[in-house]
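Residues per chain, in single letters:
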There are 2 protein chains.
Amino acid sequence: MGASTKQGHEIAEKSREIVKSLIGDKIEGLSPGEQDIIERIVHSTADPEYADLVAISPTFLEESLKSLKNGEDILTDINMVKAGITQYDGNVECFIKNEEVINIAKKNKITRAAAAIQYASNIGFEGIIAIGNAPTALYKAIDLFERDELDVKSIVGVPVGFVGAADSKEALQKNKIPNIIIKGPKGGTPVCCAIMNSLIQTMKKNK
Amino acid sequence: MGASTKQGHEIAEKSREIVKSLIGDKIEGLSPGEQDIIERIVHSTADPEYADLVAISPTFLEESLKSLKNGEDILTDINMVKAGITQYDGNVECFIKNEEVINIAKKNKITRAAAAIQYASNIGFEGIIAIGNAPTALYKAIDLFERDELDVKSIVGVPVGFVGAADSKEALQKNKIPNIIIKGPKGGTPVCCAIMNSLIQTMKKNK
């Protein structure tokens, strides 16, 4: 999907056809933008099960596209997610290696991933938060949003893992922040990047 | 696993126990270093199916550890993989955005991922190649190795996708390069990083 040569495009094209044949019936009722998100997730993981695990809140697509169109920031929990979000003209940020974040983590005995969200709140972040790895970052984002201390327009909440991930995503799903989640322990950085890159492409197409 | 705080370590620890309970019986016969690789893959994907899909060639662990101990380079196919390989004291390289690579791709009508491997060969690369995304990069690495034009000590061959990925991994498995693959279309950047980070940790422990 990030293909930039003829051969690359052909592979992406053929892959998309296979994905459609595998999960097309499951995503029929969704909008084209939502279908694109789910197709890209399955394309990038080669795991059709994701079509059964994605849950998209009613305003997620609209609010996310508005934020991207306004050129607002995208904040990722880890650098792998940042590295995989390509072709956005705005800022894609990750604060996990920031000196002040490391201090916040130590002082408050929280993970660096959570401290990075706290830091974003401190410096007046405004935009979309994309979490592909750390449940603690997702909990922190929900908490700060509920305290009215974080101007987040939507959250991509797809942390992965057997400890905390599923619970954190359920907590997000119950919240009123526009969101997309993967139910259960699955998720991860390719899923997170697939969602963000799909949104960016849809935004550019609609411009 | 990349945890750096107490809370982070506790989550990683608990997750590892769950992984052991899910796949422990399937990896019993393997060496501790090989077991660690597979546990980390399942930890980072939350997908126990990977325990059935991993294939490790007999000399992969030994040759990879030797290369890392010698401080040789790690070459990744895309920047997401590079971003996820942490705690290595040597160089982790990715050439996909290099100007010359873009020229090689255009001139030879190949993907940029394949051109980046060609470029590595041109500049005398020596070390481990870690491919988490592009089958075309994997084919190029095999081809250059067979022509005796690439000094690769082992290949982590875990590209993902419905087009070309499975075939490229089968081709690697049949080759004499020490290798690890994921059978079928699954694989991807977190799997690739899990393998490399496991090797790096095992190398440091054995030092």
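See the structure shown above.
On a predicted model such as this, the values are computed, not experimentally measured, just so you know.

Enquirer: Would you mind going over the overall build of chain A in detail, with residue names and values included?
Expert: Of regular secondary structure, chain A possesses 10 helices and six strands. Since a compact globule built from 207 residues should have a radius of gyration of about 17 Å, the 16 Å found for chain A is in line with a globular shape. Once the C-alpha set of chain A is aligned to its principal axes, its extents read approximately 50 × 30 × 25 Å. The buried share among the 207 residues of chain A stands at 57%. Accessible surface computed for chain A: about 8,800 Å², of which carbon and sulfur atoms make up 46%. With 25 positive and 28 negative side-chain charges, chain A shows a spacing of 4 Å between the two charge centroids.

Enquirer: Describe in detail the interface of chain B and chain A, supporting the description with residues and values.
Expert: The interface of chain B with chain A comprises 36 residues on the first partner and 36 residues on the second. Interface area for chain B against chain A, summed over the two sides, is near 2,600 Å², with a carbon-plus-sulfur share of 74%. Of all residues in chain B, M80, F162 and V163 of chain B bury the most surface against chain A, accounting for 27% of the area lost on that side. Applying the counting criterion to the chain B and chain A interface returns two salt bridges. The salt bridge partner of D47 of chain A is K186 of chain B, with a shortest N-O separation of 3.8 Å. Top contributing element to the side of chain B that touches chain A by residue count: helix α1 (residues 6-23) of chain B, with eight residues.

Enquirer: A description of the nonpolar core should follow, citing residues and the corresponding values.
Expert: In terms of nonpolar packing, the biggest core is built from 140 residues, with I129 and I195 of chain A together with I129 and I195 of chain B touching the most fellow members. Setting aside anything within four residues of it in sequence, one finds I129 of chain B in contact with L75, I117, A141, L150, V152, S154, I155 and V156 of chain B.

Enquirer: Any chance you could break down the pairing of strand β6 (residues 179-182) of chain B for me, citing the residues and the numbers?
Expert: Successive residues of a regular strand alternate their side chains across the two faces of the sheet. All names here are of chain B. Burial along β6 is two-sided: the face carrying N179 and I181 and the face carrying I180 and I182 are both buried. Here strand β1 (residues 54-56) runs beside β6; their pairing, made up of three bridges, is antiparallel. Bridge pairing links V54 to I182 in β6. Judged from the three bridges that link them, strand β5 (residues 151-157) and β6 form a sheet pairing that is parallel. Among the inter-strand pairings, I155 is bridged to a residue of β6, identified as N179. Each parallel crossover has a hand, and for β5 linked through helix α9 (residues 165-174) to β6 it is right-handed.

Enquirer: Can you tell me about the relation of the copies chain B and chain A, naming the residues and giving the values?
Expert: Overlaying chain B on chain A yields an RMSD of 0.0 Å, the required transformation being a rotation through 180 degrees with an accompanying axial translation of 0.0 Å. The relationship between the two copies is best expressed as a two-fold rotation axis. Considering only C-alpha atoms, the part of chain B nearest the rotation axis is M80 of chain B, at 2.5 Å. The residues that chain B uses at the interface reappear at the interface of chain A in 100% of cases, marking a shared surface.

Enquirer: Which residues make up the sheet that holds strand β4 (residues 126-131) of chain A, and what values go with them?
Expert: Residues and elements named next belong to chain A. Read from one edge to the other, the open sheet built from six strands follows the order β1-β6-β5-β4-β2-β3, with strand pairing classed as mixed. The sheet is open, and its two borders are formed by β1 (54-56) and β3 (92-93), each paired with just one other strand. Summarising the sheet, β4 and strand β5 (residues 151-157) pair through six bridges and their orientation is parallel. Across the sheet, the residue bridging to I131 is G157, located in β5. Strand contacts of helix α4 (residues 60-69): β1, β2 (73-76), β4, β5 and β6 (179-182), with the helix running at about 120 degrees to β5, the strand carrying the most contacts. Packed on one face of the sheet, helix α10 (residues 189-206) meets β2, β4, β5 and β6 and runs near 145 degrees to β4.

Enquirer: Outline the packing of helix α6 (residues 99-108) of chain A against helix α7 (residues 112-122) of chain A, supporting the account with residue identities and numerical values.
Expert: All names here are of chain A. At their nearest, the axes of α6 and α7 sit 8 Å apart, and the two run at 115 degrees to each other. Of the two possible hands of crossing, α6 and α7 adopt the one that is right-handed. For the pair α6 and α7, contact is made by E100, V101, I102, I104 and A105 and by R112, A115, A116, Q118, Y119 and N122, respectively. Residues of the contact of α6 with α7, tallied by class, amount to seven nonpolar, two polar and two charged.

Rules behind the numbers
- Residues numbered from 1 in each chain as written.
- Chains lettered and ligands numbered in written order.
- Predicted model: local features only at pLDDT ≥ 70, side-chain atom pairs only at ≥ 80, totals over all residues.
- Heavy atoms only, no water.
- Helix = DSSP H or I, 4+ residues; strand = E, 2+ residues; numbered from the N terminus.
- Rg over C-alpha atoms; globule rule 2.2 N^0.38 Å.
- Buried < 20%, exposed > 50% of the residue type's maximum accessible area, 1.4 Å probe, protein only.
- Areas by Shrake-Rupley, 256 points an atom, 1.4 Å probe, with all protein chains shown as cover.
- Lys, Arg positive; Asp, Glu negative; His and termini not counted.
- Charge placed at Lys NZ, Arg CZ, Asp CG, Glu CD.
- Contact = heavy atoms within 4.5 Å.
- Buried area = accessible area lost by both parts, 1.4 Å probe.
- Salt bridge = Lys/Arg side-chain N within 4 Å of Asp/Glu carboxyl O.
- Core = buried A, V, L, I, M, F, W, Y, C linked by side-chain atoms within 4.5 Å.
- Pairing = 2+ DSSP bridges.
- Right-handed = clockwise from strand over helix to strand, strands pointing away.
- Least-squares fit on C-alpha atoms with pLDDT ≥ 70 in both.
- Axes fitted to C-alpha atoms, helices over the stretch in contact; angles between N-to-C directions.
- Left-handed = near helix turned anticlockwise from the far one by under 90°.
- Nonpolar A, V, L, I, M, F, W, Y, C, P; charged D, E, K, R; others polar.

Treat this as a map of the structure, not an account of what it does.
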